[in-house]
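The primary structure of each chain is shown beneath.
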Amino acid sequence: MSIEILDESGSGLDVQHFARLSRFVMDQMRVHPLAELCIKAVDEDTIAELNEKWMDKEGPTDVLAFPMDELRPGLVNEEPEEGVLGDLVLCVSVAERQGETAGHGTLAELELLTTHGILHLLGYDHAEPEEHKVMFGLQDQLLAQWRAQPDA
């Protein structure tokens, strides 16, 4: 897998940690081993501009997902589709505030947002109650599995 992580936020993001997390999530979701993902950590002004331009929403947000080849999770006994998964844009300062409010800190919030974003790139959504239940249940399951590993 090709996973590129760019820290343009000035926050000192541990890019290796998030590369390992992304690889873990993509492996669990049976994404093709040659799939490509780019994650960019940015400041609030940058994500606010992207949020307005692409989502027609004002102000900064926590994560934006830009799918490319509309890859979907692989199925057991089927070869997953090769291609570009897409781009994620994370805002570390928004994640920091959200992590503090949630009581689990910045690292846990960024892990959650990265996992959430990858699921969006794979076609998951949470607009409807049933979609929300499925996506957030899967997100919680993936994060629990990730955090249960000794090197997470």
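Definitions and limits used
Residues numbered from 1 in each chain as written. Predicted model: local features only at pLDDT ≥ 70, side-chain atom pairs only at ≥ 80, totals over all residues. Heavy atoms only, no water. 1 Å grid on protein atoms, 1.4 Å probe; cavity = no way out; pocket = protein on both sides within 12 Å on 5 of 7 lines; lining within 4 Å. Points joined across faces, edges and corners; volume = space filled by probe spheres on them. Nonpolar A, V, L, I, M, F, W, Y, C, P; charged D, E, K, R; others polar. Axes fitted to C-alpha atoms, helices over the stretch in contact; angles between N-to-C directions. Helix = DSSP H or I, 4+ residues; strand = E, 2+ residues; numbered from the N terminus. Parallel < 35°, antiparallel > 145°, perpendicular 65-115°, else oblique. Left-handed = near helix turned anticlockwise from the far one by under 90°. Contact = heavy atoms within 4.5 Å.

Caption draft 1: Spatial organisation of the layout of surface pockets. In this structure, the largest pocket encloses a volume near 410 Å³. Lining of the largest pocket is provided by 20 residues; of these, Val63, Leu64, His116, His120 and His126 occupy positions nearest its centre. Its residues placed into classes, the lining of the largest pocket shows 11 nonpolar, 6 polar and 3 charged.

Caption draft 2: Just the packing of helix α3 (residues 92-102) against helix α4 (residues 105-121), in detail. Interhelical geometry of α3 versus α4 gives an angle of 115 degrees and a closest axis separation of 8 Å. Considering the angle they form, α3 stands roughly perpendicular to α4. Here the hand of the crossing between α3 and α4 comes out right-handed. On α4, the residues touching Val92, Ala95, Glu96, Gln98 and Gly99 of α3 are Gly105, Thr106, Glu109, Leu110 and Leu113. The class makeup of the residues in the contact of α3 with α4 is 4 nonpolar, 4 polar and 2 charged.

Honestly, that's just the spatial picture; any functional story needs more than this.
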